Structures are given as C-alpha cells and as structure tokens.
Amino acid sequence: MGTRGRREEVGHRLGDARHSGVKVTRLAFGTGSYGGKVQRELGQEGFTRLVRHAYDRGIRFFESADAYSEMHEMLAIALRGLPRDSYRLMTKYRLRETEEPKVTIDRFRRELESEYFDILLLHCVRVPDWAEQYGRLRDALSEAKDRKVILAHGASCHGLLPLRAFPARTDWLDVALLRINPVGTRMDTLKQTDTDDLGDVNEVVGHIEQVRAKGTGVIGMKLIGEGLFKTPEQRDASIRFVAKLGTVDSVTIGYKSEAEIDEAIARLDTHLNA
C-alpha cells in the first residue's frame, strides 16, 4: 500500500484490533529533525506550505512532541482548516514533565488545536525498567484513552536496554516508535545516551518482530539516519530495507523541502509495491 492521496489509504491499521484501531498512512510527516530545528527554520509560511504539500500528496499522518519547541503550535497552524477526521495526529509526552498529566495533555490539546490525539507516546524511554518507573504516566495515558482524549498510547524507545523490555509490555503498548535502518546510524546501543556508535541492527530487527507479532503497532524512525544518509542511494537502500521487513506498519521522516517529500513517497511506493 502506497502513500498517495486516495482517501482509503488513511487505512493501514497500526498493529491489530486488540491494541489499536488507529489507521494511518504508511508515511508520516515528522516535525522533530534535530529537535524541530530544521522545521522551525522554515518559518511558519514555509512550514505550512510543506505540510500542505504532504497532505495533498496523500500523507495524512503528522507527528510531533512537547520536546520539539514551538512545533505543536506551528503544526496546528499548518493544519488549520483541514477536516480533523482526514488526518491522524501523534505527539509525545516528556518523561520529566512535572505538571499533572491531565493538565499537560489538556495543554497539548490547546497547542495542537485538537480535542483528541490519535496516538500519545511516552517520549524517549531509556531505562530497562521504564514500565515500572513511569507507571504513573502509563496509568494517566490509559485513563485518557478511556475518556477518548487519546485513541492509542505507547512509547518511543532510545536504547537496547529499554527495547529488550518492549516485548513483555505489549499488553500496554498499543504503538511502539522504534529506530530502524540497515546501517545502525542513530540507532539503539547499550548506552543510555544517544551516541555516534552504530546500533545493533540484527538485535533491533529481532525485537521489532517480537513486538509486532504480539499485535503492537510499529512505527519506524531514523530511516534517514537523522539526515546523515546524504545520497539518493543510501536513502533508497534504507527505505527498501525497512519496507521489506514486513514488521513496520508506518515510518516517520522529517522533511525540509517538497522534493524530499516527493522522493520519500516515490521510494516507499516502489518498495511496498515491488
């Protein structure tokens, strides 16, 4: 299934019905390149033009995070006027947030001008006992899901230690946002900070298979190595690798130009339909 603008293509289910009823396009519009710096530097007019180009080309899945300064508000402006049921919206919750979760989630709703989120994730879990350590936040997201303020919850992972615990937590993980490319660039290592070390691709692929087999939706990130894959051949090889895994439901890429959007759509369509 490609990403072009046919209405039914907002229709690839993340995971299975036991976990998430959310359906998304295979390609998402990411707003967090270097913490959103790349997108912020476009200015609101340029950013809005880019979002609308993506929407017109059939990308109907947009993702952000509280940690991406200003991006909630910029994305809200860019999407303003579009039917809310025509696109999916995902954001992420800072683990060090000190406000009450309900207050924080309500702030997100104001900033993104949306009554609800299709997906809300715990952002950047790094510790092996993340499920226990952030149990209060997990409970808060579950309560928000019960109230239909969010439709699905989950976590984004940064590190092999937390990733090894993901298969055992699929009872709660509706969605997992996981780093994946064929080289290991900006992927998971045993360190609890992001480094320039290459991640263990084989181990990550194995955990993705386990998580997806239990019904959790998998979204891939860092396909372009956080912008480090500079040649068309590198980008094509990465998109082909991830598309052929068969265990990644959707992928998110950050863009700074219409040409980058068009390239990603063309490459993903080619490899999904080959």
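Everything discussed here concerns the structure shown above.
From a predicted model like this one, the values you see are computed outputs, not experimental measurements. (Residues numbered from 1 in each chain as written. Predicted model: local features only at pLDDT ≥ 70, side-chain atom pairs only at ≥ 80, totals over all residues. Heavy atoms only, no water.)

Colleague: Is there a simple way to think about helix α9 (residues 232–245) in this case?
Modeller: Note: α-helices contain 3.6 residues per turn, so residues at a spacing of three or four share the same orientation. The end-to-end C-alpha separation of α9 is 20 Å, in line with the 20 Å expected for 14 residues at 1.5 Å each. Regarding α9, the residues found buried are Arg235, Asp236, Ser238, Ile239, Val242 and Ala243. The buried residues of α9 all sit within an arc of 165 degrees when viewed along its axis, so they share a single face. In the core, the buried residues of α9 are packed alongside β10 (250–254) and α10 (258–273). A positive phi of about 80 degrees marks Gly246, the residue just after α9. (Helix = DSSP H or I, 4+ residues; strand = E, 2+ residues; numbered from the N terminus. Expected span 1.5 Å × (residues − 1). Buried < 20%, exposed > 50% of the residue type's maximum accessible area, 1.4 Å probe, protein only. Arc of directions from axis to C-beta. Contact = heavy atoms within 4.5 Å.)

Colleague: What exactly am I supposed to notice about the packing of helix α2 (residues 43–56) against helix α3 (residues 71–79) here?
Modeller: To describe two helices that pack against each other, one gives the angle between their axes and the distance between the axes. Contact geometry of α2 with α3 gives a least axis separation of 9 Å together with a crossing angle of 60 degrees. Here α2 lies oblique to α3, going by the angle between them. Here the hand of the crossing between α2 and α3 comes out right-handed. Contacts from Gly43, Gln44, Phe47, Thr48, Val51 and Arg52 of α2 reach α3 at Met71, Met74, Leu75, Ile77, Ala78 and Leu79. Here the residues of the contact of α2 with α3 are counted per class, giving 8 nonpolar, 3 polar and 1 charged. (Axes fitted to C-alpha atoms, helices over the stretch in contact; angles between N-to-C directions. Parallel < 35°, antiparallel > 145°, perpendicular 65-115°, else oblique. Left-handed = near helix turned anticlockwise from the far one by under 90°. Nonpolar A, V, L, I, M, F, W, Y, C, P; charged D, E, K, R; others polar.)

Colleague: I would appreciate a short explanation of the side chain of Arg267 in the present structure.
Modeller: Relative to the assigned elements, Arg267 resides in helix α10. Sequence-distant contacts of Arg267, defined by excluding residues within four places in its chain, comprise Pro232, Arg235, Asp236 and Ile239.

Colleague: So what exactly am I meant to see when it comes to the state of the cysteines here?
Modeller: In this structure the tally under the stated criterion is 0 disulfides. In this model Cys124 remains outside any disulfide bridge; the closest cysteine sulfur is found in Cys157, 8.6 Å from its own. A relative accessible area of 0% places Cys157 in the buried class. (Disulfide = S-S within 2.5 Å.)

Colleague: Whenever I open this one, the pairing of strand β7 (residues 153–157) confuses me. Can you help?
Modeller: Each regular strand displays side chains that alternate between the two surfaces of the sheet. Buried residues dominate β7, accounting for 5 of its 5 residues. What you see with β7 is no split at all: His153, Ala155 and Cys157 on one side and Gly154 and Ser156 on the other are buried throughout. Bridge analysis of strand β6 (residues 119–125) against β7 gives 4 bridges, and the strand direction is parallel. Bridging from a neighbouring strand, Leu122 pairs with Ala155 of β7. As paired strands, β7 and strand β8 (residues 175–179) are joined by 3 bridges and run parallel to one another. The residue bridging Ser156 from the neighbouring strand is Leu177, located in β8. At this point the chain moves from β7, through helix α7 (residues 160–165), to the parallel β8, and the crossover so formed is right-handed. (Pairing = 2+ DSSP bridges. Right-handed = clockwise from strand over helix to strand, strands pointing away.)

Colleague: How do you make sense of the layout of surface pockets when you look at a structure like this?
Modeller: Over the atoms rolls a probe the size of a water molecule, and in doing so it shows where empty space is left. Volume-wise, the largest pocket comes out at about 910 Å³. If you trace the largest pocket, you find 40 residues lining it, with Ser33, Tyr34, Glu226, Gly227 and Gly254 closest to the centre. In terms of residue class, the lining of the largest pocket is built from 15 nonpolar, 12 polar and 13 charged. Approximately 260 Å³ is the volume found for the second largest pocket. Lining the second largest pocket, in full, are Arg94, Leu95, Arg96, His123, Cys124, Val125, Arg126, Val127 and Tyr134. Looking at side-chain class alone, the lining of the second largest pocket contains 5 nonpolar, 1 polar and 3 charged residues. (1 Å grid on protein atoms, 1.4 Å probe; cavity = no way out; pocket = protein on both sides within 12 Å on 5 of 7 lines; lining within 4 Å. Points joined across faces, edges and corners; volume = space filled by probe spheres on them.)

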